[in-house]
Amino acid sequence: MLKKLFPNKILSIKNKTINNLIVLLAIVIAIGLFYSLIISPPDYIQGDSVRIMYVHVPSSFIAIGCFAFIGIASVLNLVFKNKLMPLLAKSLSGIGFIFSIISIVTGSLWGKPTWGIWWVWDARLTSMTILLLFYIAYILTWKFIKKYEDANKISSVIAIVGLFNLPIIKYSVDWWETLHQPSSITLTSAPTIHYTMLIPLIIMFLGMLIYSVIIFLMKYKTEIIKFKLSNKKKIK
Amino acid sequence: MLVKKVKSRILFLFLLFISFSIIIFVILKSLEENVVYFLSPTEIFNKTDISLNKKIRIGGLVKINSINKKNTSINFIITDLKNEIIVTYEGLVPNLFAEGKGVIAEGNLKDKKYFLAKKILAKHDENYMPPEVKKALENTNN
């Protein structure tokens, strides 16, 4: 499994594979949007603003998931000094950053008609903002620290510290009273979302996942080429 | 098996992990009062040190048949099914504000049973369903 992520394998990925994935993405997103905007019913109390959820929930999932991968890759990077891990983490950071912004903005748009307010500082919203700040810190370290080894170490430490924030985001709605509602989809009990709304949510999640994979493959390929080029320069 | 260097790095990260977990736990524990977004009527009832000047938030359900509108002001009761607080508010309430639904009021306590709200927020729960399903559920319950 991991072998697939080695440079030679990634570099041999042809543009055709990525183009195929883009076609798949277009199909899945088209079905997902049609389902979530037209077929699925409005909510009994929120009305049509429930449709924001079909973007909000998947982007939050991906934002948190990406950071989990970045954190784990950073641990492996510091422990085993694996050359690929920083490149892997770096390519994921942009995706997670964008999706955490989408999550916060769509959540805010939903909050105004539902709660009656754009933003509150409750535990869930605050911890999600902290995740966004960790993404910004992580990306800025790579951007502004010129020496590769230094940037690598500092960004890894930032990612590992940020890892502690993830369970806080996940369980904030259970540990403390928050304005944000608890999770509707849990591993332990049946979802509290009616299936006519759960189906478009899952399709939209798949669509956004495919999008993330495409961006990741393209970015990872670029990072590997950049890394190889900079190493060549050093040898000369 | 593992190189000694790698072993020491794992040990270092492990100790870092433990100490960091403890630090974060202690910080969150000490900040608990601020992390909690609102208090329930029962928590207000059990609280001994209540300052009437401090802005606080209380939350719970709007008691059924308790909403009383007079011109621009509105009276209702927040309940957690054990204790109740009477809330007075002047202004517009959110669209989702309704009897039997979650609500959060921000303002000052006049005493343990009476609250003067400056802001009203509707709290949504984790249930999502189409209107027809809601109706069907109500019919089976009645």
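Residues numbered from 1 in each chain as written. Chains lettered and ligands numbered in written order. Predicted model: local features only at pLDDT ≥ 70, side-chain atom pairs only at ≥ 80, totals over all residues. Heavy atoms only, no water.

(A) Just the overall build of chain B, in detail. Within chain B, the regular secondary structure consists of four helices and six strands. Sequence-ordered secondary structure for chain B, helices as α and strands as β, is α-α-α-β-β-β-β-β-β-α. In summary, chain B has a C-alpha radius of gyration of 23 Å against a globular reference of 14 Å for 142 residues, an excess of more than 25%. Referenced to the eigenvectors of the C-alpha coordinate spread, the extents of chain B come out at roughly 75 × 45 × 25 Å. Residues counted as buried form 33% of the 142 residues belonging to chain B. (Helix = DSSP H or I, 4+ residues; strand = E, 2+ residues; numbered from the N terminus. Rg over C-alpha atoms; globule rule 2.2 N^0.38 Å. Buried < 20%, exposed > 50% of the residue type's maximum accessible area, 1.4 Å probe, protein only.)

(B) Summary view of the interface of chain B and chain A. If you look at the interface, chain B gives 34 residues, while chain A gives 41 residues. Carbon and sulfur atoms supply 70% of the area buried between chain B and chain A, which totals about 3,400 Å² over both sides. Here chain B is connected to chain A by zero salt bridges. Run the count over chain B and chain A and you get 14 residue pairs in polar contact (both at pLDDT 80 or more). (Contact = heavy atoms within 4.5 Å. Buried area = accessible area lost by both parts, 1.4 Å probe. Salt bridge = Lys/Arg side-chain N within 4 Å of Asp/Glu carboxyl O. Polar contact = N/O pair within 3.5 Å; in protein donor to acceptor, adjacent residues only side chain to side chain.)

(C) Here's a closer look at the pattern of salt bridges. Residues and elements named next belong to chain B. One pass over the full model with this rule turns up eight salt bridges over all chains. Residues Glu-106 and Arg-57 are paired through a salt bridge, measuring 2.9 Å at the closest nitrogen-oxygen approach. Of the two residues, Glu-106 is situated in strand β5 (residues 102-111) and Arg-57 in strand β1 (residues 56-62); the sequence distance between them amounts to 49 residues. Classification of Arg-57 by relative accessible area gives partly exposed; the value is 23%. Residue Lys-119 is joined to Glu-106 by a salt bridge in which the shortest nitrogen-to-oxygen separation is 3.9 Å. With Lys-119 in strand β6 (residues 114-123) and Glu-106 in strand β5, the pair connects residues that are 13 residues apart, well separated along the chain. For Lys-119, a relative accessible area of 35% gives the class partly exposed. Because the salt bridges share partners, they merge into one network encompassing Lys-55, Arg-57, Glu-106 and Lys-119.

(D) Representation of the nonpolar core in the model. Leu131(A) and Tyr220(A) are the most contacted members of the largest nonpolar core, which has 50 residues in total. Counting only elements with at least two residues in this core, the list comes to α2 (15-39), α3 (53-80), α4 (84-115), α5 (123-144), α6 (148-163), α7 (165-175) and α8 (195-235) of chain A. The element best represented in this core is α8(A), accounting for 13 residues. Counting residues in hydrophobic clusters, the runner-up holds 17 residues, among them Ile44(B), Ile56(B), Ile74(B) and Phe97(B). (Core = buried A, V, L, I, M, F, W, Y, C linked by side-chain atoms within 4.5 Å.)

(E) Quick look at the confidence of the model for chain B. Averaged over every residue, the pLDDT of chain B is 85; residues scoring 70 or more account for 97%. Here the predicted complex carries an ipTM of 0.83, next to a pTM of 0.88. (pLDDT = per-residue confidence, 0-100.)

(F) Quick look at unusual backbone geometry. If you check the backbone angles, Lys81(A) has positive phi at about 55° while not being a glycine. Tracing the backbone through its elements, the reader meets Lys81(A) in the loop between α3 and α4. In this structure, Asn71(B) is a non-glycine residue whose phi angle is positive, near 50°. Along the chain, Asn71(B) falls in the loop between β2 (68-70) and β3 (73-79). Residue classification places Asn71(B) among the exposed residues on the basis of a relative accessible area of 86%.

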